[in-house]
Amino acid sequence: PFDLNRRIKERYPGMPVVLLLNNQMDMVQVEAKRYRMAEFDEVFLWTGDSGVFLAMIKGIEDRLNLEHDTRHGLVRVILVIEDSIAHYSKFLPILYTQLVKQTQQLISEELTGAYRRLRMSMRPKVILAHDFAAAEAFYREYKDYLISIVTDVQYERAGKIDDEAGVRFISMVREDRCTVPVLLQSLDQGNAAKAGALGARFLSKSSPQLLTELRDFISSELGFGDFIFRREDRSEVARASTM
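Here's what I pulled together on the structure shown here. It should be emphasised that the depicted structure is a prediction, and the values quoted were computed from it without experimental measurement.

Time to look at the layout of surface pockets. Taken as a whole, the second largest pocket spans an internal volume of roughly 580 Å³. For the second largest pocket, the lining is made up of 23 residues, of which Ala38, Glu42, Ala129, His130 and Asp131 are closest to its centre. When contributions to the lining of the second largest pocket are tallied by element, the ones reaching two or more residues are α3 (34–37), β2 (42–45), α4 (51–73), α5 (85–106), β4 (125–129), α7 (132–142) and β6 (155–157). For the lining of the second largest pocket, the class distribution of residues is 15 nonpolar, one polar and seven charged.

Moving on: the side chain of serine 186. Inspection of the secondary structure assignment puts serine 186 in strand β8 (residues 182–186). There is a polar contact of 2.9 Å between the side chain of serine 186 and the side chain of asparagine 191. Among residues more than four places away in sequence, those in contact with serine 186 are Asp152, Val153, Asn191, Phe202, Leu203, Ser204 and Lys205.

A few words now on the pairing of strand β5 (residues 146–152). With seven of seven residues buried, β5 lies mostly within the body of the structure. Where strand β3 (residues 77–81) and β5 come together, five bridges link them in parallel fashion. Each residue of the ladder has a partner; that of leucine 79, found in β5, is isoleucine 149. When β5 meets β8, the two strands line up parallel, connected through four bridges. Looking at β8, one finds that isoleucine 149 is bridged to valine 182.

With parallel pairing, the five strands of this open sheet are ordered in space as β4-β3-β5-β8-β9. Strand pairing shows two members of the sheet lacking a second neighbour, β4 and β9 (201–204), which therefore form its edges. Averaged over neighbouring strand pairs, the angle between their axes works out to 20° when direction is ignored.

Before going further, it helps to spend a moment on a nonpolar patch on the surface. A cluster of nonpolar side chains, Trp46, Phe53 and Ile57, forms an exposed patch at the surface whose accessible area comes to about 280 Å². Relative to the helices and strands, phenylalanine 53 is located in helix α4.

This brings us to unusual backbone geometry. The phi torsion at leucine 74 lies on the positive side, around 55°, for a residue other than glycine. Among the secondary structure elements, leucine 74 is positioned in the loop between α4 and β3. Phi at alanine 158 takes a positive value of approximately 55°, unusual for a residue other than glycine. Mapped onto the elements, alanine 158 comes out in the loop between β6 and β7 (160–162).

Moving on: empty space enclosed by the protein. Tallied over the entire structure, the rule returns two cavities of 30 Å³ or more. In this structure, the largest cavity occupies an estimated 110 Å³ of space. In terms of lining residues, the largest cavity is bounded by Glu42, Phe44, Ala55, Met56, Gly59, Ile60, Arg63, Leu92, Tyr96, Val126, Ile127 and Leu128. For the lining of the largest cavity, the secondary-structure elements that each account for two or more residues are β2, α4, α5 and β4. No other element matches α4, which puts five residues into the lining of the largest cavity.

The rules we used
- The residue count restarts for each chain, going from 1 along the sequence in the order it is written.
- Given that the model is predicted, a residue must reach a pLDDT of at least 70 before its local features are reported, and side-chain atom pairs must reach 80 or more before they are shown or counted; all residues, however, enter totals for whole chains, interfaces and linings.
- Side-chain descriptors were evaluated using all non-hydrogen atoms of the structure, hydrogens and water having been removed beforehand.
- Here the term cavity refers to a set of points on a 1 Å grid, laid over the protein atoms alone, in which a 1.4 Å probe fits but cannot get out; the term pocket refers to an open set having protein on both sides within 12 Å along at least five of seven lines, with lining residues being those that place an atom within 4 Å of a point.
- Grid points are joined across faces, edges and corners, and a volume is the space filled by probe spheres set on the points.
- By the criteria applied, helices consist of DSSP H or I runs no shorter than four residues and strands consist of E runs no shorter than two, each listed in order from the N terminus.
- Ten residue types, Ala, Val, Leu, Ile, Met, Phe, Trp, Tyr, Cys and Pro, are classed as nonpolar, four, Asp, Glu, Lys and Arg, as charged, and the remainder, Gly among them, as polar.
- Any pair of N or O atoms that falls within 3.5 Å is considered a polar contact. Within protein, one atom must be able to donate a hydrogen and the other to accept it, and sequence-neighbouring residues count only if both atoms are side-chain atoms.
- Here, two residues are considered to be in contact whenever any of their heavy atoms come within 4.5 Å of each other.
- Here's how the labels work: a residue is buried when its accessible area is under 20% of the maximum for its type, exposed when over 50%, partly exposed in between, all with a 1.4 Å probe on protein chains only.
- When DSSP locates at least two bridges between a pair of strands, those strands are taken to pair.
- Comment: axis = line fitted to C-alpha atoms, over the contacting stretch for helices; angle = value between 0 and 180 degrees taken between N-to-C directions.
- Residues qualify for a patch when their relative accessible area is over 30% and they have no salt bridge, like charges being joined within 9 Å and the nonpolar side chains of Val, Leu, Ile, Met, Phe, Trp and Tyr within 5 Å.
- The protein chains shown are the only cover counted for residues, whose accessible areas, like all others here, come from Shrake-Rupley with a 1.4 Å probe.
- Any Lys or Arg side-chain nitrogen found within 4 Å of a carboxyl oxygen on Asp or Glu counts as a salt bridge.

Here you go:
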């Protein structure tokens with residue numbers, strides 16, 4: 001695949017190439033050549049869920065359209081920081097599916113097909129970063145358009161794996177007076193307290209309720225779902241599902 005990728009890039013400069021791994025053994029072999037993984041535009045793991053193709057294609061589309069759509073269309077952005085191929089191959093299809101469903105609910109009242117298509121094209125973009133440096137560069141460039149950050153706890157920072165990278169990143173964001181909703185993901189339940197201290201939600205990667213918890217985060221934190229009127233103590237007064 002590395003040789004094929006090189007030939008494609010030589011013949012079709014700028015053509016995105018995504019590597020799709022078939023099993024865990026393939027992932028072990030490729031991760032051993034992590035320095036060469038950067039030659040691909042992205043790497044995903046096939047687990048039998050066809051949603052991975054949605055994530056692959058939408059991910060490339062979002063990256064290509066990001067600058068234009070934010071500058072000219074004020075489209076919002078979700079930053080996902082994750083270096084585990086297995087996890088983001090599972091997580092991103094769920095995230096994209098929920099974003100599409102929520103956007104479809106928002107446009108259900110639009111009168112014409114043209115407005116519906118316009119609304120769909122204005123759904124939030126999802127950008128995937130694999131290390132601290134890439135995430136920080138993206139944050140500095142597009143922080144005015146961010147509506148959420150979803151981050152792992154452990155990933156590469158300053159050339160080494162940092163067990164606190166995600167916590168450090170959120171701390172940097174909060175010090176920048178950014179109040180954007182944050183979802184911290186980890187296999188270690190002990191990180192839940194750290195997330196709470198930083199005003200972030202926590203989601204266990206091994207949770208059997210991953211889909212439900214992610215749907216709740218999108219609805220309650222990102223402005224989707226019903227418009228809920230609350231008192232200062234957060235108790236609900238009433239809600240409106242439609243205009």
